[in-house]
Amino acid sequence: MELLGAERLGRSAEHPNCRLGAPERALLQTVYCSLADFCEPVREPEVTAGVQLLARIGRAVDLVWQDTLQLLGFIGLILETLVRGLFHPRRWRITPTVAHIEQTGLDAAPIVALLTFLVGAVVAFLGATVLKSFGASVFTVDLVAFSFLREFGVLLTAILMAGRTASAFTAQIGSMKANEEIDAIRTLGLDPMELLVLPRVLALLIALPMLTFLAMLCGIVGGGVVCALSLGISPAMFLSLLQADIGIQHFLVGLVKAPLFAFLIAAVGCLEGFKVSGSAESVGAHTTSSVVQSIFIVIVLDAVAALFFMEMGW
Amino acid sequence: MSRPSRAPGEAVIEVRGLCNRFGSQSVHENLDLDLYRGEILAVVGGSGSGKSVLLRSIVGLRKPSEGSVRVFGQDLRSLPEQARSQVERRFGVLFQKGALFSSLTVTENVALPLIEHAGLSRRDAEHLAAVKLALAGLPLSAANKYPASLSGGMIKRAALARALALDPDILFLDEPTAGLDPIGAAAFDQLILTLRDALGLSVFLVTHDLDTLYTITDRVAVLAQKHVLVADAIDRVAETEDPWIHEYFHGPRGRAASDAVTPHKEE
């Protein structure tokens, strides 16, 4: 096909009766010459749909395994950098850390507060509806307090942070990678781990527990408002029920998970940023991946932790 | 040549038997190259011939698949991290797109390595940064701008100032004049020449700019067929029997650049 077309083109360009002008003839000749050197790109041999399916499953499984290994390696690297920097106060990066605390903590406070307030109200409504049939409406207070202290406070905050902060970390570091800024840091003899990753990890380690505390408060207040308005449980009675029924251990069970989630969210966000390769499309793909991965990790760990605390009877 | 050719001094960079492979595709096979003290060496080659990969292997951003890179007589890869960082501080690297830190102003970009390594106070570092920026030919009005609001030429100059911040011994330039207007490019060439003569830098230059080749380089290394085909003074390189080299230096652009320099020769 190509050969025939090329041959025709060449012949018509050189044909004595050709009525084309010189520029058109030059174009024909250019096409003819480039076709002469042109060869078909090598195609992968066709395989059946079944083999393709297996190959894709295999690739996906391998990718998950590689991602896990990389994440574990990266966590090790963060801890090593942290310990090495611990004894050199001159290398502590206070300013960027504080800036990141502001961005990840303070700036997220309104949305965390609003969201948990609303979820608290919804949980109280649910509890009121279900418990009314048992004549136990008053236990709505316990339901709201238990769920927010143990689970929802930290879980909702962590999921919000995964969507808001992990994506931001990936995009920030990823665009630096695409712009060769990470290479520039290395050639200046500096360590990107110390300069970029540690401040972000430390900032989230500080911000997430504080936000979790805020989320617990707002969730309980949301539940309290619903109790006051629709169940006739006055705020004073709400508080006294809280004091009577809820032990401090529930608050602690919720709060211990916060630093762990914070560390993992920050690690995933930064690592995905370093995986970016050059293009803007890659920044987008890895940002998505970091949000999905961190939400996944948070929920799985929370489920494991819930099981563990339940079995321990804490 | 317009300048007396320099006697080759000691080699500050020795690349021996370098191989770089990406999966099944190999970019370098058994590549040898030297950079002598105080010379300007240009590396040329077609697109995709691995010029930037070679630069990245030398400055330690890429681990070569095989072979050794010795800088000041030391193999960077075998050094402990602390010592490696010490050697790396003697490099100044100008990346193709500048790679300025986009969250810092131009002055802060140049001051960062000074604060980090030289332990200067912020005031002193920014003062010194202003000197380096002036040296690189950047107007003072640009000093407090962010990289996003600079033109391509200004970014190159700011990045050069950052590369010079720690008074490096070796300057690596990745296509320094690409994307500059002819006047800016000629001025940049002269700037590099002046800096080399004044500060005794050794310069490793990756370029496509034939004018740069003819005006400032001492030696030209041609990268083709996965290794260094020839590395010599430009006149002798241009005479080499090789179809690619012939087309490169004796094509219309090559002739124009060569003719532009020839009158100086006869002076």
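All of these numbers come straight from a predicted model, not from anything done at the bench.

A. Expanded view of the overall build of chain A. Helix and strand content of chain A: 11 helices and zero strands. When the helices and strands of chain A are read in sequence order from the N terminus, they spell out α-α-α-α-α-α-α-α-α-α-α. A compact globule built from 314 residues should have a C-alpha radius of gyration of about 20 Å, whereas chain A, at 30 Å, is more than 25% larger. When its C-alpha atoms are laid out on the principal axes, chain A stretches across 105 × 60 × 40 Å. Within chain A, the fraction of its 314 residues that count as buried is 33%. Pairs at least 24 residues apart make up 83% of the contacts formed inside chain A by residues separated by at least 6 positions.

B. Molecular detail of the pairing of strand β2 (residues 25-36) of chain B. Bridge count between strand β1 (residues 11-22) of chain B and β2 of chain B: eight bridges; the pairing is antiparallel. Counterpart to Glu-14 of chain B in the pairing with β2 of chain B is Asp-34 of chain B.

C. Examining the packing of helix α5 (residues 109-132) of chain A against helix α6 (residues 140-178) of chain A more closely. All names here are of chain A. Contact geometry for α5 and α6: axes closest at 10 Å, N-to-C directions at 145°. Of the two possible hands of crossing, α5 and α6 adopt the one that is right-handed. Facing Ile-111, Val-112, Leu-115, Thr-116, Val-119, Gly-120, Val-123, Ala-124, Gly-127, Ala-128 and Leu-131 of α5, the residues of α6 in contact are Thr-140, Leu-143, Val-144, Ser-147, Phe-148, Phe-152, Gly-153, Leu-156, Thr-157 and Leu-160. Residue classes in the contact of α5 with α6 are distributed as 14 nonpolar, seven polar and no charged.

D. Structural view of the environment of Pro-168 of chain B. Residues and elements named next belong to chain B. The topology assignment puts Pro-168 in the loop between α5 (152-163) and β7 (170-174). In this structure Pro-168 comes out as buried when scored by C-beta crowding, with 20 C-beta atoms within 10 Å. Separated by 31 residues in the primary sequence, Pro-168 and Leu-199 place their C-alpha atoms 9.3 Å from one another.

E. Fine view of the interface of chain B and chain A. In this assembly, 15 residues from chain B lie in contact with 10 residues from chain A. With three residues, the single largest contributor to the side of chain B that touches chain A is helix α3 (residues 106-118) of chain B. Residue composition of the side of chain B that touches chain A, by class: eight nonpolar, three polar and four charged.

F. Up close: the sheet that holds strand β8 (residues 202-206) of chain B. All names here are of chain B. Spatial strand order, β6-β7-β8-β3-β9-β10: six strands in an open sheet with mixed pairing. The open sheet terminates on both sides in strands that have one partner only, identified here as β6 (91-94) and β10 (227-232). Ignoring strand direction, the axes of neighbouring strands in this sheet form an average angle of 15°. As paired elements, strand β3 (residues 40-44) and strand β9 (residues 219-224) share four bridges and run parallel to each other. By the bridge assignment, Val-43 is partnered in β9 with Ala-221.

G. Inspection of α5 of chain A at higher detail. All names here are of chain A. Between the first and last C-alpha of α5 there are 34 Å, a value that for 24 residues agrees with the 34 Å anticipated at 1.5 Å per step. Of the residues making up α5, those classed as buried are Val-112, Thr-116, Val-119, Gly-120, Ala-121, Val-123, Ala-124, Gly-127 and Ala-128. Residues of α5 that are buried in the fold lie against α6 and α8 (192-231).

H. A look at the pairing of β6 of chain B. All names here are of chain B. Burial of the side chains of β6 extends over both faces: Phe-91 and Val-93 are buried on one face and Gly-92 and Leu-94 on the other. Where β6 lies against β7, four bridges are found, and the strand directions are parallel. Bridge pairing in β7 links Leu-94 to Leu-173.

I. Representation of the nonpolar core in the model. Ile-265 of chain A together with Phe-172 of chain B are the most contacted members of the largest nonpolar core, which totals 133 residues. Ranked by residues supplied to this core, first place goes to α8 of chain A with 17 residues. With residues up to four places along the chain from it excluded, the contact list for Phe-172 of chain B reads Leu-55, Val-59, Phe-91, Gly-92, Val-93, Leu-94 and Phe-204 of chain B.

J. Region of the structure containing the packing of α6 of chain A against helix α11 (residues 280-312) of chain A. Residues and elements named next belong to chain A. Axis separation between α6 and α11 bottoms out at 8 Å; the angle between their running directions is 155°. The pairing of α6 with α11 is recorded here as roughly antiparallel in orientation. The way α6 lies across α11 gives a crossing that is right-handed. Within the contact of α6 with α11, the residues separate by chemical class into 13 nonpolar, nine polar and two charged.

K. Up close: α5 of chain B. Residues and elements named next belong to chain B. Helix length check: α5, at 12 residues, gives a terminal C-alpha distance of 16 Å against a target of 16 Å (1.5 Å per residue), a fit within 8%. By the criterion of burial, α5 is predominantly enclosed, with 10 of the 12 residues buried. Burial in α5 covers these residues: Met-154, Ile-155, Lys-156, Arg-157, Ala-158, Ala-159, Leu-160, Ala-161, Arg-162 and Ala-163. Here the buried face of α5 lies against β6, α3, α4 (122-135), β7 and α6 (182-199).

L. View of unusual backbone geometry. All names here are of chain B. Of note in the backbone geometry, Phe-72 takes a positive phi value of approximately 50° without being a glycine. Phi angles above zero are rare outside glycine, and Ala-99 is one such case at about 55°. Tracing the backbone through its elements, the reader meets Ala-99 in the loop between β6 and α3. Under the C-beta neighbour-count criterion, Ala-99 is labelled buried, with 24 such atoms within 10 Å.

M. Up close: the sheet that holds strand β4 (residues 66-71) of chain B. All names here are of chain B. Overall, antiparallel pairing links the four strands, which are arranged β2-β1-β4-β5 in an open sheet. Looking at which strands have only one partner, the edges of the open sheet turn out to be β2 and β5 (74-75). Sheet analysis places β4 next to β5, joined by two bridges and oriented antiparallel. Within the sheet, the bridge partner assigned to Val-71 lies in β5 and is Gln-74. Sheet contacts for helix α1 (residues 51-59): β1, β2 and β4; angle to β1, the most-contacted strand, approximately 120°.

What counts, and at which threshold
- Residues numbered from 1 in each chain as written.
- Chains lettered and ligands numbered in written order.
- Predicted model: local features only at pLDDT ≥ 70, side-chain atom pairs only at ≥ 80, totals over all residues.
- Helix = DSSP H or I, 4+ residues; strand = E, 2+ residues; numbered from the N terminus.
- Rg over C-alpha atoms; globule rule 2.2 N^0.38 Å.
- Buried ≥ 20, exposed ≤ 12 C-beta atoms within 10 Å, placed from the backbone.
- Contact = placed C-beta atoms within 7 Å.
- Pairing = 2+ DSSP bridges.
- Axes fitted to C-alpha atoms, helices over the stretch in contact; angles between N-to-C directions.
- Left-handed = near helix turned anticlockwise from the far one by under 90°.
- Nonpolar A, V, L, I, M, F, W, Y, C, P; charged D, E, K, R; others polar.
- Expected span 1.5 Å × (residues − 1).
- Core = buried A, V, L, I, M, F, W, Y, C linked by C-beta atoms within 7 Å.
- Parallel < 35°, antiparallel > 145°, perpendicular 65-115°, else oblique.

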